[in-house]
Amino acid sequence: ASYKRMHGQDPAPCLAQATKDLQRALQLNQKDPRSWETLGFVWYEYGKLSKSSQEDSLDAKRKAISCFDKAISLNPRNDSTWRKRAEIKATMALLLPMDDERLRLLKEALKDISRAIEINGASAENREQRGRIFMNVGRLQKALDDFRKAAELDPARKSKLAPLIEKCINALKN
C-alpha cells in the first residue's frame, strides 16, 4: 500500500509506513509471496537511499535478499523475483572490495538471473540484467550476446542497450 504511494516521491519518509503495512499483511498471511517481494523492494529502495553509511546500505540489501528468498521459496516460478534478487546481489557485490565475498555474490547473481531466464526466456529485462552482470565479471562476449538478445526481444530497448553493446564490442577488440 504505502510502497505504491512511494513512486514519484522521495521514498525515504514512506519507508516506515510501507514496512508497517507489509508486516501487517504478512501477519495475516505469511505465505503471500507478493508481500515478501514488495517488502524486499522497499528494503532495496532504502538501501539505495541510505546515506548514513555503506554498512547501512548493505544491511538493507541483506534484508531485501532475505525477503526475496522467502518470496522465491513460496513461488519459485516468478522470474521477476529471481531477476530482482540477482540485481540486488550484483549491486551489493559492487559495493565490496574485490574479494571472495564479492565473487560469491556475483556468481550467485548469475545463477539467479540464469534461473529467471529459464523461467522466462522471452524477457528482455532478464537478458539485459544478465548482460550487466556478465560485464561486471568481465565476460564481455556473453554480455554482448545477452544485450543483443534483449534488443531482439524488445526492439524498444535498442537505444538504451546501444551504449552497452558498443562498450562490449570496443573492449573485445582490445
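What counts as what
- Residues numbered from 1 in each chain as written.
- Predicted model: local features only at pLDDT ≥ 70, side-chain atom pairs only at ≥ 80, totals over all residues.
- Heavy atoms only, no water.
- Helix = DSSP H or I, 4+ residues; strand = E, 2+ residues; numbered from the N terminus.
- Buried < 20%, exposed > 50% of the residue type's maximum accessible area, 1.4 Å probe, protein only.
- Contact = heavy atoms within 4.5 Å.
- Axes fitted to C-alpha atoms, helices over the stretch in contact; angles between N-to-C directions.
- Parallel < 35°, antiparallel > 145°, perpendicular 65-115°, else oblique.
- Left-handed = near helix turned anticlockwise from the far one by under 90°.
- Nonpolar A, V, L, I, M, F, W, Y, C, P; charged D, E, K, R; others polar.
- Expected span 1.5 Å × (residues − 1).
- Arc of directions from axis to C-beta.
- pLDDT = per-residue confidence, 0-100.
- Phe/Tyr/Trp six-rings, centres within 6.5 Å; stacked < 30°, edge-to-face > 60°.
- Salt bridge = Lys/Arg side-chain N within 4 Å of Asp/Glu carboxyl O.
- Core = buried A, V, L, I, M, F, W, Y, C linked by side-chain atoms within 4.5 Å.

It is worth spelling out the side chain of Glu-128 at this point. Following the sequence through the fold, Glu-128 ends up in helix H7 (residues 124–136). Taking relative accessible area as the criterion, Glu-128 reaches 5% and is therefore assigned buried. Those residues within four positions of Glu-128 in sequence are excluded, and the remaining contacts are Phe-147, Ala-150, Arg-157, Lys-160 and Leu-161.

Relative to each other, helix H3 (residues 33–49) and helix H5 (residues 79–95) sit at 25 degrees, their axes nearing to 11 Å. Considering the angle they form, H3 stands roughly parallel to H5. For H3 against H5, the interelement crossing comes out left-handed. Along the contact surface, H3 presents Glu-37, Phe-41 and Tyr-44, while H5 presents Ser-80, Thr-81, Lys-84, Glu-87, Ile-88 and Thr-91. Considering only residue class, the contact of H3 with H5 consists of three nonpolar, three polar and three charged.

Here the focus is helix H8 (residues 140–153). Taking 1.5 Å per residue, 14 residues should reach 20 Å; H8 reaches 20 Å between its end C-alpha atoms and fits that length. Buried within H8 we find Leu-140, Ala-143, Leu-144, Asp-146, Phe-147, Ala-150 and Ala-151. Along the axis of H8, the buried positions cluster into a sector of 165 degrees, meaning they face one direction only. Contacts from the buried residues of H8 go to H7 and helix H9 (158–173).

Summarising the model, the protein chain shows a mean pLDDT of 90, and 91% of its residues fall at 70 or more. Per-element mean pLDDT across the protein chain ranges from 47 in helix H1 (residues 2–6) up to 98 in H8. In the predicted structure, residues 1–6 sits below a pLDDT of 50 and forms 16 contacts with residues beyond four places in sequence or in another chain.

A separate point is the packing of aromatic side chains. Under the defined criterion, the tally for this structure stands at two aromatic pairs. Relative to Phe-68, the ring of Phe-41 has its centre 5.4 Å away and its plane inclined at 90 degrees; by these criteria the two rings are edge-to-face. Taken as a pair, Phe-41 in helix H3 and Phe-68 in helix H4 (residues 54–74) lie far apart in primary sequence, 27 residues in all.

Here the structure, examined in full by the defined rule, presents 21 salt bridges. Across the salt bridge formed by Arg-157 and Asp-154, the nearest N and O atoms sit 3.3 Å from each other. Classification of Arg-157 as buried rests on a relative accessible area of 15%. Salt bridges linked by common partners bring Asp-69, Arg-85, Lys-89, Glu-101, Arg-104, Glu-108 and Asp-112 together as one network.

What follows deals with the nonpolar core. Ranked by size, the top nonpolar core spans 45 residues in total, and within it Ile-88, Ile-133, Met-135, Phe-147, Leu-161 and Cys-168 carry the most contacts. Going through the elements one at a time, helix H2 (15–28), H3, H4, H5, helix H6 (100–119), H7, H8 and H9 are the ones with two or more residues in this core. Broken down by element, the residue count for this core peaks at eight residues, all from H4. Leave out the neighbours within four places in its chain, and Met-135 touches Leu-140, Ala-143, Phe-147, Leu-164, Lys-167 and Cys-168.

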